[in-house]
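Survey of secondary and tertiary structure
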Amino acid sequence: MQKKVAIIGSGFSSLSAACYLSKLGYGVTVFEKNETIGGRARQLVREGFTFDMGPSWYWMPDIFDKFFADFGKKTSDFYHLDKLDPAYKIFFSDDSITIGDSMEKICQEFERIEKGSSEHLVEFISKAQENYDIAINKVVLRPGLSPFELVTKETILKVDQFFKTIRGEVRKRFKNPKLIASLEFPVLFLGAKPSKTPAFYSFMNFADFGLGTWHPKGGMYEIISAMANLAEELGVTICTNAPVEKIRVKDNSTIGITTNGSPFDADIVLSGADYHHSETLLDAEYRQYSEAYWDHKVFAPSSLLFYVGFDKKLQNIEHHNLFFDTDFEQHTQEIYDDPKWPREPLFYANFPSVTDGGMAPQGCETGFFLVPLAPGLEDTPALRNKYFDLIMARFEKNTLQKITPNIMFMESFCLKDFVEQYNAYKGNAYGMANTLKQTAFMRPKLKSKKVKSLYFTGQLTVPGPGVPPSLISGKLVSELIARFN
Ligand SMILES: Cc1cc2nc3c(=O)[nH]c(=O)nc-3n(C[C@H](O)[C@H](O)[C@H](O)COP(=O)(O)OP(=O)(O)OC[C@H]3O[C@@H](n4cnc5c(N)ncnc54)[C@H](O)[C@@H]3O)c2cc1C
């Protein structure tokens, strides 16, 4: 008899698991509380403008290729990918750095800023590539069941890299603050400060400079659509407007879920919703982690987001733009050490219509702005508006143009929306940070220790935050389910 799996949520990790489990022969139904699928990667379409509501950086194309190859497919069967050149631009208060699409171009830019730095860069990225090969081919493919998973002949040789930090390794080689910022930026995707992120994670620098930044034509939501199409082709049923209210347990084993007041029976329940929320769907005796446990964890930042339609093409910008024209240290302290709304925030601006005309009406620009924030802060309309004005003014100053008269509409999304729309713990955007003490087997477990046939996936579990890790998380949990059921 075919075993039935109920999956909670339709983010990348849930859709990935749904595909693998269906291929393994399980009968899979996905329950998504929102009207549309994709979770943090949902899409907003308004007045001819298309916005990716969350992720916009397509990094590590090999992980996406491997995912679709596991089903005998190619990414090009579903969407068209372009490698961006330049990959992105970083604005500083007195200059900007443009990151090209090859090491040669990036080395030239480094030399322009600091003579002799390209030699150090090549050496640093070559080490980062070694780490990437070990991380992607060995470490991240382990389900986090035991510390011994991390012990391989390659990791033993690199053990010092787990105790040194990215910050230390970068600053040992580079003195110019602009180069330091550009090399410390990629690990921000892992959710922690460079001073708390093990040097081993320099593999993110290889992902950045070595593998490049890509764009799926039509936006990141194309990946969600591709995965949903694949899942349905494999026999998965996807239900939207289906909030799960309860994970049902009998004799210490899951027997299904309750959605919209009705029971749905299943042999296995897998939750891809935020872990903390998923456990609140259980009676207290079945929860593995206490409120104190979650409260002590280092969460990745939340974000203040603006989706803006402009009635003209903007000048002096690229597809991806980072505004590091204020103090990087100060802002990271306001996220991690002394949580508060930042005094002078760094921010990120994405204009996909610069390279993909279909994402905005003719002659217009689609703008997405992101300010990283500490999770758990107060969120009011007045605060959102204050920060919108602040970053618009900074944007205009740095890019030497007026844009506020050209705003057709603006929508915001912040902490309260992360809680209301995704049940995100403290309104986090990127899940739980990858610090040394929150790596691999030290992250919340994929398999419940208390309830048989109950599993978890997603950015709070292994391997961690980001789209590629979410794809891997779905694969790892399906392998565990197949092993135990
Ligand atoms: C603003 C932002 C920018 C980002 N930028 C990037 C980037 O550029 N590149 C990158 O690689 N990553 C990026 N990320 C991270 C990446 O988007 C996430 O790591 C990934 O999408 C997480 O997927 P997930 O499956 O773990 O969770 P989610 O996408 O959160 O999916 C969980 C799903 O569960 C649903 N759910 C919750 N509770 C219930 C319930 N009770 N019943 C039913 N359904 C429920 C939610 O609605 C949601 O759909 C970004 C994230 C954000 C928020």
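Throughout what follows, the structure given in this document is the object of discussion. (Residues numbered from 1 in each chain as written. Predicted model: local features only at pLDDT ≥ 70, side-chain atom pairs only at ≥ 80, totals over all residues.)

1. Concerning the overall build of the chain
Operational definition: Put simply, DSSP H or I for four residues or longer makes a helix, DSSP E for two residues or longer makes a strand, and each gets a number counted from the N terminus. As defined in this context, the radius of gyration uses C-alpha atoms, and a globule is described by 2.2 Å times the residue total to the power 0.38.
Counting secondary structure elements, the chain contains 16 helices and 19 strands. In summary, the chain has a C-alpha radius of gyration of 22 Å against a globular reference of 23 Å for 485 residues, a match within 12%. The principal-axis extents of the C-alpha atoms in the chain amount to approximately 65 × 55 × 45 Å.

2. Brief notes about the sheet that holds strand β6 (residues 88-91)
Short version of the rule: The rule for pairing is simple: two strands pair if DSSP sees at least two bridges between them. Lines fitted to C-alpha atoms define the axes here, with helix axes fitted over just the stretch in contact, and angles between the N-to-C directions of these axes take values from 0 to 180 degrees.
Overall, mixed pairing links the seven strands, which are arranged β7-β6-β15-β16-β17-β14-β18 in an open sheet. For this open sheet the edge positions go to β7 (96-99) and β18 (407-413), each flanked by a neighbour on one side alone. Averaged over all neighbouring strand pairs, the angle between strand axes comes to 15°, with direction disregarded.

3. A short note on the site of the ligand
The condition that has to hold: Any residue whose backbone-placed C-beta atom lies within 6 Å of a molecule or strand is treated as near that molecule or strand. Domain borders in the structure are assigned automatically or taken from a domain database.
Residues in contact with the ligand amount to 37 residues; listed here are only the nearest, Gly9, Gly11, Gly39, Pro55 and Gly458. Secondary structure elements with two or more residues in the shell around the ligand: α1 (12-23), β14 (302-310) and α16 (467-484). A per-element tally of the shell around the ligand places α1 first, with three residues. In this structure, the shell around the ligand is formed jointly by two domains, domain 1 (4-41 + 219-296 + 431-484) and domain 3 (302-373 + 380-413), each of which donates at least three residues.

4. Some thoughts on the packing of helix α4 (residues 117-137) against helix α9 (residues 203-211)
Cut-off, in case you're wondering: Throughout, the term roughly parallel applies to angles under 35 degrees, roughly antiparallel to angles over 145, roughly perpendicular to angles from 65 to 115, and oblique to all others. Each crossing is labelled by how the near helix is turned from the far one, with a counterclockwise turn of less than a right angle marking it left-handed and a clockwise turn marking it right-handed. Throughout, a residue-residue contact means that the two C-beta atoms, derived from backbone geometry, are no farther apart than 7 Å. The classification used treats Ala, Val, Leu, Ile, Met, Phe, Trp, Tyr, Cys and Pro as nonpolar, Asp, Glu, Lys and Arg as charged, and all other residues, Gly among them, as polar.
For the pair α4 and α9, the least separation of the axes is 7 Å and the interaxial angle reads 110°. Looking at the two axes, α4 sits roughly perpendicular to α9. Classified by chirality, the crossing of α9 by α4 is left-handed. Residues Phe124, Ile125, Ala128, Gln129, Asn131, Tyr132 and Ala135 of α4 pack against Phe203, Asn205, Phe206, Ala207, Phe209 and Gly210 of α9. For the contact of α4 with α9, the residue count by class is nine nonpolar, four polar and no charged.

5. Description of the pairing of strand β16 (residues 347-350)
Consecutive side chains of a regular strand alternate in pointing toward one face of the sheet and then the other. Condition: Our exposure labels follow a C-beta count within 10 Å of each residue's own C-beta, placed from the backbone: buried means 20 or more other C-beta atoms, exposed means 12 or fewer, and partly exposed covers the counts in between.
Across the two faces of β16 the burial is the same, with Phe347 and Ala349 and Tyr348 and Asn350 all buried. Judged from the four bridges that link them, strand β15 (residues 320-323) and β16 form a sheet pairing that is antiparallel. Note on β16: the bridge partner recorded for phenylalanine 323 is phenylalanine 347.

6. Remarks on unusual backbone geometry
Put simply, aspartate 85 and proline 86 share a cis peptide bond, and its omega is 0°. Mapping proline 86 onto the fold places it in the loop between β5 (81-83) and β6. Residue valine 462 is joined to proline 463 through a cis peptide bond whose omega torsion reads -5°. The phi torsion at asparagine 316 lies on the positive side, around 60°, for a residue other than glycine. One can find asparagine 316 in the loop between β14 and β15.

7. Quick look at the environment of lysine 89
Following the sequence through the fold, lysine 89 ends up in strand β6. Given 19 C-beta atoms within a 10 Å radius, lysine 89 is considered partly exposed. Residues lysine 89 and phenylalanine 323, 234 residues apart in the sequence, show an inter-C-alpha distance of 8.6 Å. With residues up to four places along the chain from it excluded, the contact list for lysine 89 reads Ser96, Thr98, Glu318 and Asn321.

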